[in-house]
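# Per-entry structural report
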Amino acid sequence: MAKVFAVTILLITIASAIPIFMNTWHPVPDVSAHGQAIDDQMSETMWEAGISFLASQIILAWFIWRFSGSRPGEKTRTFPGGAKGLVIAAIVLVGIEVFALGIFGVKAWAELYFTPPGPGAMPIQVQAGQFAFYFRYPGPDGSFGPIHPDKISEANQNFYGLDQDNDADSKDDIVAAEMAVPVNREIRLLMHSKDVSHSFYVPALRIHQDFVPGLDLQIHFTATKVGRYEIVCSQLCGLGHYNMKAYISVLSPEDFDAWLKKQAAFQ
Amino acid sequence: MSAHAAVHHGPPTSFIRKHIFSLDHKVIGKQYYGLALAAVIIGMVLSWLMRIHLGWTNAAIPGLHLLSRNGAPGDVMTPEYYLQLMTMHATFMVFFVLTTAPFAAFGNFFLPLHTGAEDMPFPHFNMMSFWTTFVAFCVMVSSFFVGDGPTLGGWTQYAPLSAVGSVAGPGQGSGVVIWAISIAIFCVGQLFGALNFIPNVLDLRCKGMSMWRLPMSTWAWFITSCMGLTSFSVLMPACILLILDHVAGTSFFIPSNLVLNDQLQPHSGGSTLLWQHLFWFFGHPEVYIAIVPGMGIVTQVLVTNMRKPMLSHRTLVYSMGALAVLSYMVYGHHMFVSGMNPAASLYFSFPTLLITIPSTIIVLIWLGSLYGAKLRINSASLFALGFISLFITGGVSGFFLAQPTIQIMLHATYFVVAHFHFTMAIAAIFGIFSGTYFWFPKMWGRMMNETLGRIHFWLTFIGVYAIFMPFHYLGLAGNVRRYQAFVVDYMQPLIGVHKFITVAAIFTGLVQLIFLYNFFYSKYRGEPAPDNPWQATSLEWSTTSPPPWDNFGGRQLVVYHDPYQYGVDGAHGDYVMQDSPEQIKGAVDEP
Amino acid sequence: MKSRYNFTALLTVVMLVGCGALLLNQKVSAAGEGKITGTVKLDGAAPHMKGIDMSKDPYCVKVNANTSPHMENVVAGSGGGLENVVLYISEGLSGAAAAPATAVPVFDQKNCQYTPHVLAMDVGQTFKVTTSDQTAHNIHPNPNPMTGNIPWNQSQPPGAPPVERSWKAPEMIEVKCNIHPWMHGWFAVVKGPYATTDASGNYTINNVPPGNYTVTAWQETYGTQTQKVTVAAGAPAKADFTFKAK
């Protein structure tokens, strides 16, 4: 029975590793400027985790195979080096690995979070609310009009609570149900929640940031490939959480201008 | 140092004192076990309903409308009902199974036996700890039947979804309040328990029982109690603040200007992140509370079945202690992208990566101890070995999640669900199974059926890998969690994987019937158990199966050895019991 | 003897005539159960009804591929007739005049919008919400709890059976879907007989006993207007309304 168990562990280990080697299930392709560092980190981690996983399961299987049963005539033995060697190995090997991953990771994190957006970044605002995202472009005046929460009325399609009659800045604001950005242009995304916690997860752009009700956040990114990608909410926000998504179109500059004009006319 | 404070209470006389409001830690332990068994069945059935829905979203599940007034009209699960079932699944499993069975159930039964005490130091508090937990359980169950059902906000109950009330969704009114009341009561029960476990270890050890002579499972329970004391005492006030936001018009967790369903909410001044900090300060130690007792049990089962000590028990104890201490410094890894200061994400990431070290040491010591062993294969040891395999897998996925950069891709995906199910749902459950097969003879005085135990092990081991390994792949592909259906374009190809998982889950769940049958049949009809069926050394095996009401029949216990005297030259058999006064040259305490 | 026969015959005739008169009288009353009819118009240009971008749910986009959905807050026909105006009797109804059962009002979710946009119903009348869509919706009415109407929130996945509910108190209750935030409509809960204007702005309130009444017309953007009418047997009252475009 012990030998069968050992073989079972081995088979399960190999079967688990196959889809990873074959890359059967993988993230959507990266179309962001900063994403390569994240993907590299993921590969590094996969190698290290994979080797640790394979090695430990194989050793477990091997020891179960070899050291089960009463083995008459043999005495029980102690692992050479005893605990001390293993503790040192754990601290050194794991410690190095772990610090390496940590330190490399700092660089990618810093690029996203400790580096401010450039001066030419295009500001776009996204508002998350049960259960849709609405996007706001500031229009030719370049500034976003104030949000009046008491004026928010989805019934009247006033998702942001804008007072376009009285607030000059709001008059040219463009509110859209989908997002579009010009390719290779840095975007400064202002994030606002209308009600509960939501999250802005765009796998293709390698960005993931929770909204915090009561706290407006900002992230920045640059999309590098034209296409249509999905934004999904990843923070449980209620019964419609699974259907809270929007599309982001990355367009050529000309197509983006045309899109923005069309949205302005739709207001 | 060993103190001699002994607890004396007379034998129980009435039926109620014997079986219901019992002061006997052994009865209390069995009551906790029964509660956990009921909770795990509920939690498992809830998971089946969830899994069927995920594979076949618009299918009618016959009879579902009977469970809920509005949750499943026409037997088709509504989106909110899925979330309600999910929240209850997690709540029952984390609190009433994983905190209860390995810690409160086995700990209550065996801690006094391991220390050589007659009972816990405060038997009345101990009795209250069980009944308080039982009341919490009943309150939680009642939420299914009140108003529009249980809360749908996940066992994590993030604010403001949890705090603004029913406008946020079905179950977010009375459902949240009932959940929070139940959990607050649960916390009180756990505090009563911790306040017994800790003084038992510190003050009630019998003569000769130094701290280092305590068995590993007792060290694990001791460390877990310390974590419980300090973490549940944070969760309870957090739940009270949440209740106040509902019933007293406060806004601890609700900022101003929130608009739900086109209604401006009458709250201001609160912080949504505050709830997350309070919850995860409890939540991370909680997951170690769920796993550390299992580590202790597995160590004890393995030592007995390897017929040799671990390479270093003190190292294992120090490592478990390190896990406990570090567990308070890592909680922010649940909040990397939460909107807290991104620098804080890095500050939490480093201890999270560091916590790999004690976990690795523990696994390496187990593996290294297997070297040269004469491993007995039985149900208990199979589940213990299975624990190691599952804990390795679960730990390895932690590598990914410890890094904020990687969490950009994996946060809130099925990768996280894979990680915590491997470590908590299956490794910890294997720890419970291992402990059950090992200690059943002592607790109920009969032997379990070994053949059924092995069948149970084989089918479960393969089954749980089949269920949960694919969760990693789903996570890597970006499958977001807590979705009741998959309407997102890039997730369409993943639905087939979900169907596979559902089939595996139902199969594996049904396999547990073998365990239930074995458990109940053996309880009443099993072979009578000898005092020491496994030739083990710790004190519980030196008394009858089951032990008498005062554990050791009034004997004055003296301990001469640590519990690792296996494979000793010159010993009668190949082991020496802790309280054996035999002078054997080879029986030397671990240095 | 003969006089007794005569008396009996006379009594029978009187009874028969009496019953007949009563019956005839009832028929006359039924024929006299009145109506209030009229037309509601908008004076001026209807405000621009913004188009709805349903792109968050590709199913909604698909089923609306050949239409261009837009807001329905003010729906005015080419002749100026206002649709979705609810007319009801706000004064003059005695308690005894119970409106006979009409067909069950049905609120359908179709192509990711509500049909009809405004559903009128009587206090305590059971109404149904159905779904004809292959995407889940949730129905989340927003009553003012001070009226005694209790808020609820119920999802309907595709294929779900109708939701049956009723309201306790008269109120104009806004109803929304949270999954599709552009979806909104009204439950117009009134006391007594009611009608809703059609695409041409015409309406008929049936089953109104003869009497003097105040009729109220309610439109979600323009509010209410009232008129006094007199309903006579066999002579329907007429009440036309005109709302001024802002």
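Residues numbered from 1 in each chain as written. Chains lettered and ligands numbered in written order. Predicted model: local features only at pLDDT ≥ 70, side-chain atom pairs only at ≥ 80, totals over all residues.

Let us now look at the overall build of chain B. When its secondary structure is counted, chain B shows 16 helices and two strands. Taking 591 residues into account, the globule formula puts the C-alpha radius of gyration at 25 Å, and chain B, at 24 Å, falls close to it. Overall size of chain B, expressed as C-alpha extent along the three principal axes, is 80 × 50 × 45 Å. Looking at chain B as a whole, 65% of its 591 residues qualify as buried. (Helix = DSSP H or I, 4+ residues; strand = E, 2+ residues; numbered from the N terminus. Rg over C-alpha atoms; globule rule 2.2 N^0.38 Å. Buried ≥ 20, exposed ≤ 12 C-beta atoms within 10 Å, placed from the backbone.)

The next thing to look at is the environment of Ile 183 of chain B. Residues and elements named next belong to chain B. Structurally, the position occupied by Ile 183 is in helix H6 (residues 174–203). For the pair Ile 183 and Ala 136, spaced 47 residues apart in sequence, the C-alpha to C-alpha distance is 6.6 Å. The contacts of Ile 183, once residues within four sequence positions are left out, are Phe 95, Leu 235 and Cys 239. (Contact = placed C-beta atoms within 7 Å.)

Okay, the confidence of the model for chain C next. Residue and element names in this part refer to chain C. Averaged over all residues, the pLDDT of chain C is 87; the fraction at 70 or higher stands at 85%. pLDDT under 50 marks residues 24–32. Its contacts with residues more than four places away, or in other chains, come to five contacts. As a predicted assembly, this complex carries a pTM of 0.94 together with an ipTM value of 0.96. (pLDDT = per-residue confidence, 0-100.)

Right, let's talk about the interface of chain C and chain A for a bit. With 17 residues of chain C at the interface, the matching set in chain A holds 17 residues. Looking at the side of chain C that touches chain A residue by residue, the classes come out as four nonpolar, seven polar and six charged. (Nonpolar A, V, L, I, M, F, W, Y, C, P; charged D, E, K, R; others polar.)

All names here are of chain A. The mixed open sheet is built from five strands, whose spatial order is E3-E2-E1-E5-E8. Edge positions in the sheet fall to strand E3 (174–176) and strand E8 (217–222), since each has one partner strand and no second. With direction set aside, neighbouring strand axes in the sheet form an average angle of 25 degrees. (Pairing = 2+ DSSP bridges. Axes fitted to C-alpha atoms, helices over the stretch in contact; angles between N-to-C directions.)

Taken residue by residue, the interface counts 86 residues in chain B and 89 residues in chain A. Among the secondary structure elements, those contributing two or more residues to the side of chain B that touches chain A are helix H3 (79–98), strand E1 (259–260), helix H8 (272–306), helix H10 (342–354), helix H11 (356–370), helix H12 (379–401), helix H13 (404–410) and helix H15 (450–476) of chain B. Top element by residues in the side of chain B that touches chain A is H11 of chain B. It accounts for 10 residues. Its residues placed into classes, the side of chain B that touches chain A shows 56 nonpolar, 23 polar and seven charged.

Attention now goes to helix H16 (residues 495–525) of chain B. All names here are of chain B. In a regular helix each residue adds 1.5 Å, so 31 residues correspond to 45 Å; H16 covers 45 Å between its end C-alpha atoms and thus fits that length. The complete set of buried residues in H16 reads Val 497, His 498, Ile 501, Thr 502, Ala 504, Ala 505, Thr 508, Phe 515, Asn 518, Phe 519 and Ser 522. Tucked into the core, H16 has its buried residues touching helix H2 (25–55), helix H14 (414–444) and H15. (Expected span 1.5 Å × (residues − 1).)

By way of backbone hydrogen bonds, the strands of a sheet pair with one another, either parallel or antiparallel. Residue and element names in this part refer to chain C. Taken in spatial order, the four strands make up an open sheet running E4-E3-E6-E9, and their pairing is mixed. In the strand order of this sheet, the two ends are held by strand E4 (113–115) and strand E9 (163–165), each with one partner. Pairwise comparison of adjacent strand axes, ignoring direction, gives a mean angle of 20 degrees for this sheet. As paired strands, strand E3 (residues 106–110) and E4 are joined by three bridges and run antiparallel to one another. For Gln 109, the partnering residue across the bridge sits in E4 and is Tyr 114.

A word on the packing of H8 of chain B against H12 of chain B. Residues and elements named next belong to chain B. One can describe the packing of H8 onto H12 by two numbers: an axis separation of 9 Å at closest approach and a directional angle of 130 degrees. As the angle between them shows, H8 and H12 are arranged oblique. Crossing of H8 against H12: the hand is left-handed. For the pair H8 and H12, contact is made by Gly 294, Val 298, Val 301, Leu 302 and Asn 305 and by Ala 380, Ser 381, Ala 384 and Phe 387, respectively. (Parallel < 35°, antiparallel > 145°, perpendicular 65-115°, else oblique. Left-handed = near helix turned anticlockwise from the far one by under 90°.)

Here we take up unusual backbone geometry. With omega at -5 degrees, the peptide bond leading from Ala 159 of chain B into Pro 160 of chain B counts as cis. By secondary structure assignment, the location of Pro 160 of chain B is in the loop between helix H5 (123–142) and H6. Of note, the amide linkage connecting Thr 115 of chain C to Pro 116 of chain C takes the cis form, showing an omega dihedral of -5 degrees. Mapped onto the elements, Pro 116 of chain C comes out in the loop between E4 and strand E5 (118–122). At Asp 75 of chain B, a position not held by glycine, the phi torsion is positive, near 65 degrees. When you line up the elements, Asp 75 of chain B lands in the loop between H2 and H3. For Asp 75 of chain B, a count of 16 C-beta atoms within 10 Å puts it in the partly exposed group. Even without a glycine there, the phi angle at Ala 412 of chain B is positive, about 60 degrees.

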